[in-house]
Amino acid sequence: MRVLAIESSCDECAAAVVGPGPILLGQQVATQIPIHSPYGGVVPELASRDHIRKIVIVIEKALERAGLTLAQIDGYGVTAGPGLIGSLLIGVNAAKALSWSQGRPLVGVHHLEAHLHAIYLAEPDFAYPHLGLVVSGGHTSLIRVDGVSKLHLISRTLDDAAGEALDKVATLLGLAYPGGVSIQQAAEGGDPKSFRFPRPIPGKRLDFSFSGLKTAAAVRVKKEGLPVGPALCDFAASFQEAVVDVLVKKTIAAAQQENLKRILVAGGVAANLRLRQVMQSRAEKMDLEVRFPAPSLCTDNAAMVAALSAAYLTKGAPPADLCLDANAGLRWPDA
Ligand code: KG4
Ligand code: ZN
């Protein structure tokens, strides 16, 4: 089965074709970084307007890259939520139009489940069950994954997502948007032990909290002024280390609590080199296996949506009809 899917939940407008199975045939991702850069974050109205401009071009390009025409597509997939409602609406309506006009089935999928499913594009046999950490600009969640559509939320952030904290602190430091990558780059030459940042929430709790950590960075800048030169690198490295440390500790604790031997880290922040390094080395010590999708499949993309949609359609999940709606607060498949 060849499946074309669309991702437009936030600021990436993407389409991809997979099949048979989770084999990527072609993808096109149109980023909106230059549009949102001056604001230091995604402006929802600008995002949805740009999706309208790009969606048809992106679909055509993905098909061209796959060397296929619409007539050769057997089914469609789309991120139905969660995300920005205006952005989601563009993708969902484009997918419904394709499905209806071509007479092929459509499935709407959950954005976080798609992030977790990205690993199957590289490793189709990655075994269930495993412990998933989805860490992005909008989410930081620990999830027990027992199979496609069999997900159980263990914990999540009580306030900011890890990516949001990285983005906001990068803006505070005058670094380029999106901040996660800028912090990683600035941290390269820095000493992660030079500034002391808190590790919220301490103890055995598995919930995350990043807003206090973000405030600690802001208070420090207010008191001591903006770090420059080597001090900026030290600041970025120390802040990144605090975020990474918390993510790694809680993920490993959750894997142990759930008695799971495999960890899967997904979402935009999973592209972070320091997170990959620390997670790998600490998990190895605990005899746990860790997987990360390729960095380009960690940030928002349609290949992950297509791979998950193909899994739903091939396992015979009832297809959506024209009533499929975008849902900004879409709940887990098991909820
Ligand atoms: O998954 P994603 O593309 O969109 C959401 O679903 O939120 O994640 C975007 C987030 C942003 O906060 C961005 O700064 C962060 O992922 N990010 C990174 C890196 N690449 C992207 N954070 C740290 N290190 C990176 N290399
Ligand atoms: Zn995402």
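Our subject is the structure listed above.
Residues numbered from 1 in each chain as written. Chains lettered and ligands numbered in written order. Predicted model: local features only at pLDDT ≥ 70, side-chain atom pairs only at ≥ 80, totals over all residues. Heavy atoms only, no water.

Chemist: Would you mind going over the overall build of the chain with me for this structure?
Modeler: Along the chain, the regular secondary structure elements total eleven helices and ten strands. For the chain, the C-alpha radius of gyration of 20 Å lies close to 20 Å, the compact-globule estimate for 335 residues. Based on the C-alpha atoms only, the size of the chain along its principal axes is roughly 60 × 45 × 30 Å. Counting over 335 residues, the chain shows a buried share of 53%. (Helix = DSSP H or I, 4+ residues; strand = E, 2+ residues; numbered from the N terminus. Rg over C-alpha atoms; globule rule 2.2 N^0.38 Å. Buried < 20%, exposed > 50% of the residue type's maximum accessible area, 1.4 Å probe, protein only.)

Chemist: In this structure, what is going on with the packing of aromatic side chains? I would like to understand it.
Modeler: Within a pair of aromatic rings, the relevant descriptors are the distance that separates the centres and the angle that separates the planes. Following the criterion strictly, the structure yields six aromatic pairs and no others. Taken together, the ring pairs in this structure connect F195, F197, F235 and F239 into an aromatic cluster. (Phe/Tyr/Trp six-rings, centres within 6.5 Å; stacked < 30°, edge-to-face > 60°.)

Chemist: Where do I start with the sheet that holds strand β5 (residues 106-110) in this structure?
Modeler: In a beta sheet, neighbouring strands pair by backbone hydrogen bonds and run either parallel or antiparallel. Taken together, five strands build an open sheet; the order of strands is β3-β2-β1-β4-β5 and the sheet is mixed. Among the strands making up the open sheet, the edge pair consists of β3 (24-31) and β5. Averaged over all pairs of adjacent strands, the angle between strand axes in this sheet comes to 20°, irrespective of strand direction. Bridge analysis of strand β1 (residues 3-7) against strand β4 (residues 75-81) gives four bridges, and the strand direction is parallel. For V3, the partnering residue across the bridge sits in β4 and is G75. (Pairing = 2+ DSSP bridges. Axes fitted to C-alpha atoms, helices over the stretch in contact; angles between N-to-C directions.)

Chemist: How should I be thinking about the pattern of salt bridges in this particular structure?
Modeler: Pairs can form between side chains of opposite charge once their charged atoms are near each other. Under the definition given, this model contains 16 salt bridges. Residue R220 pairs with E224 through a salt bridge whose shortest N-O separation is 3.2 Å. Separated by four residues within a single helix, R220 and E224 lie in helix α8 (residues 211-224), roughly one turn from each other. Residue R220 is classed as partly exposed on the basis of its relative accessible area of 24%. Look at the salt bridges and you will find they share partners, linking R199, D245, K249 and R282 into a network. (Salt bridge = Lys/Arg side-chain N within 4 Å of Asp/Glu carboxyl O.)

Chemist: Please clarify how the packing of helix α6 (residues 162-172) against α8 should be interpreted in this entry.
Modeler: Pairs of packed helices are described in terms of their axes, by the angle between the two and the distance that separates them. One can describe the packing of α6 onto α8 by two numbers: an axis separation of 10 Å at closest approach and a directional angle of 10°. With respect to α8, the axis of α6 lies roughly parallel. Counting all contacts with α6, which are made through A165, K168, V169 and L172, the residues of α8 involved are K214, A217, A218 and V221. Looking at the contact of α6 with α8 residue by residue, the classes come out as six nonpolar, no polar and two charged. (Parallel < 35°, antiparallel > 145°, perpendicular 65-115°, else oblique. Contact = heavy atoms within 4.5 Å. Nonpolar A, V, L, I, M, F, W, Y, C, P; charged D, E, K, R; others polar.)

Chemist: Could you clarify how one ought to interpret the coordination of the zinc ion (ligand 2) in this entry?
Modeler: When a metal holds four donors in a tetrahedron, each ideal angle between them is 109.5 degrees; when it holds six in an octahedron, the ideal angles are 90 or 180 degrees. Coordination sphere of the zinc ion (ligand 2), protein contribution only: H111 (NE2), H115 (NE2) and D300 (OD), at 2.0 to 2.1 Å. The coordination sphere of the zinc ion (ligand 2) comprises four donor atoms, whose angles at the metal cover 94 to 144°; the geometry is irregular. On the primary sequence, the residues serving as donors to the zinc ion (ligand 2) are separated as H-x3-H-x184-D. One end of the pair is H111 and the other is H115, both in helix α4 (residues 111-117) and four residues apart, which spans about a single turn. (Donors = N, O, S within 2.8 Å, 3.2 Å for Na, K, Ca; no water. Tetrahedral: all angles 85-135°; square planar, octahedral: opposite > 155°, others 65-115°.)

Chemist: Which parts of the structure should I look at to understand the site of ligand 1?
Modeler: Around ligand 1, the surrounding shell holds 19 residues, and the nearest of these are G137, D167, Q184, N272 and D300. In this structure, an oxygen atom belonging to ligand 1 sits 3.4 Å away from a side-chain N or O atom of S136. At 2.9 Å, a side-chain N or O of Q184 approaches a nitrogen atom of ligand 1. If ligand 1 stood free it would expose 560 Å²; the protein chains cover 90% of that surface. (Near = heavy atom within 4 Å. Polar contact = N/O pair within 3.5 Å; in protein donor to acceptor, adjacent residues only side chain to side chain. Areas by Shrake-Rupley, 256 points an atom, 1.4 Å probe, with all protein chains shown as cover.)

Chemist: Would you take a moment to explain the side chain of S309 for this structure?
Modeler: Among the structural elements, S309 can be located in helix α11 (residues 303-314). Non-local contacts of S309, meaning those with residues more than four positions away in its chain, are made with V3, A5, G77, V78, V107 and V109.

Chemist: Looking at this model, I keep getting lost on the pairing of strand β8 (residues 150-156). Mind explaining?
Modeler: One face of the sheet, then the other: side chains in a regular strand alternate in exactly this way. Bridge count for strand β7 (residues 140-147) against β8 is six bridges, and the pairing is antiparallel. Counterpart to S141 in the pairing with β8 is R156. Connecting β7 to the next strand, β8, in antiparallel fashion are two residues, including S149 with a positive phi near 70°.

Chemist: Which parts of the structure should I look at to understand the environment of S101?
Modeler: When you line up the elements, S101 lands in helix α3 (residues 85-102). Engagement of the side chain of S101 in a polar contact is seen with the backbone oxygen of A97, the distance being 2.8 Å. At a separation of 3.2 Å, a polar atom in the side chain of S101 contacts the main-chain carbonyl oxygen of L98.

Chemist: Sorry, what's going on with the side chain of N272 here?
Modeler: Positionally, N272 belongs in the loop between β9 (262-266) and α10 (273-285). Separated by 2.9 Å, the side chain of N272 and the backbone nitrogen of L275 make a polar contact. If near-sequence neighbours (up to four positions away) are discounted, N272 is found in contact with G180, Q184, Q240 and V244.

Chemist: I would appreciate a short explanation of the nonpolar core in the present structure.
Modeler: Most often, soluble globular proteins have nonpolar side chains that are buried together. Membership of the largest hydrophobic core comes to 50 residues, with the highest contact counts inside it found for F210, F239, L247, V265 and L275. Among the secondary structure elements, those contributing two or more residues to this core are β6 (130-135), α6, α7 (179-187), α8, α9 (230-257), β9 and α10. When residues in this core are grouped by element, the largest group, 14 residues, is from α9. If you look at the next biggest cluster of nonpolar residues, it comprises 26 residues, including I6, L63, A66 and A94. (Core = buried A, V, L, I, M, F, W, Y, C linked by side-chain atoms within 4.5 Å.)

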